[in-house]
Structure formats: structure tokens, C-alpha cells
Amino acid sequence: MARPTFDIAMIWDSNASATAAGQSIEDLIDLIPAGQATFAVTQCTGGATLHLKLDFSLYSRGTLGKLEAHAHRSGGKFVEFVNHVAPG
């Protein structure tokens, strides 16, 4: 059975600093060990979006708070979704 996950989006629009957004994405390497998340970055003329999928059981509210702080410090927005898995 699949485990519940956090789906997180960090969104930077054209008002955000591209340098700060890029640094924020690089800083995530220190917070999330390799292999424990999937990352996808989408860039467009109006900004960028980072999508993360994290195993629900591996991350505390404190860690998610750090991710949110990274997004806000760099001028981005933080959106969190929790995917619940129905019992089998």
C-alpha cells in the first residue's frame, strides 16, 4: 500500500528575486537528504515553481516550517498538500 505524502509547491512570481529563489532551491539540499524526495522545477517568463513530494512519515512540522521560511525569505509562496491514502 502506498504511504501518505506531502506535496509541496514553492512558487516565485516575477516580483521575486531570481537569485534568491535559486539560492532557496539550493539550500533545500541541506534540509532534505538525497533519495527522500522527488523534485521538479518549472520555469516560465512570469516566474518559477518548485514541486516536492515527501514521505509524510519522514518530516515533522518543524522541517516543513523551515521549508516555508525558505520560500518566504526568497519572495516565494509556500503551498502544502497532504495526500492521504485510503485504507486497502
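Note that the coordinates shown come from a computational prediction; the quantities given were computed from them, not determined experimentally. (Residues numbered from 1 in each chain as written. Predicted model: local features only at pLDDT ≥ 70, side-chain atom pairs only at ≥ 80, totals over all residues. Heavy atoms only, no water.)

Colleague: An account of the nonpolar core is needed here, citing residue identities and associated values.
Modeller: Membership of the largest hydrophobic core comes to 17 residues, with the highest contact counts inside it found for I8, M10, I32, L52, L54 and L67. Top element by residues in this core is strand β1 (residues 5-13). It accounts for four residues. Setting aside residues up to four positions removed in sequence, L54 forms contacts with P4, T5, F6, I8, I32, Q36, A37, Y59, L64 and L67. (Core = buried A, V, L, I, M, F, W, Y, C linked by side-chain atoms within 4.5 Å. Buried < 20%, exposed > 50% of the residue type's maximum accessible area, 1.4 Å probe, protein only. Helix = DSSP H or I, 4+ residues; strand = E, 2+ residues; numbered from the N terminus. Contact = heavy atoms within 4.5 Å.)

Colleague: Summarise the pairing of β1; cite the residues concerned and give the values.
Modeller: Most of β1 sits out of view: seven of its nine residues are buried. Of the strand pairs in this sheet, β1 and strand β3 (residues 47-55) are connected by nine bridges, and their pairing is antiparallel. Its bridge partner lying in β3, T5 is registered against D55. (Pairing = 2+ DSSP bridges.)

Colleague: Requested: an account of the pairing of strand β2 (residues 37-44), with residues and values cited.
Modeller: A regular strand carries its side chains on alternate faces of the sheet. Across eight bridges, β2 lies against β3 in antiparallel orientation. Each bridged residue has a counterpart across the sheet, and for F39 the counterpart in β3 is L52. The turn linking β2 back onto β3 is made up of two residues.

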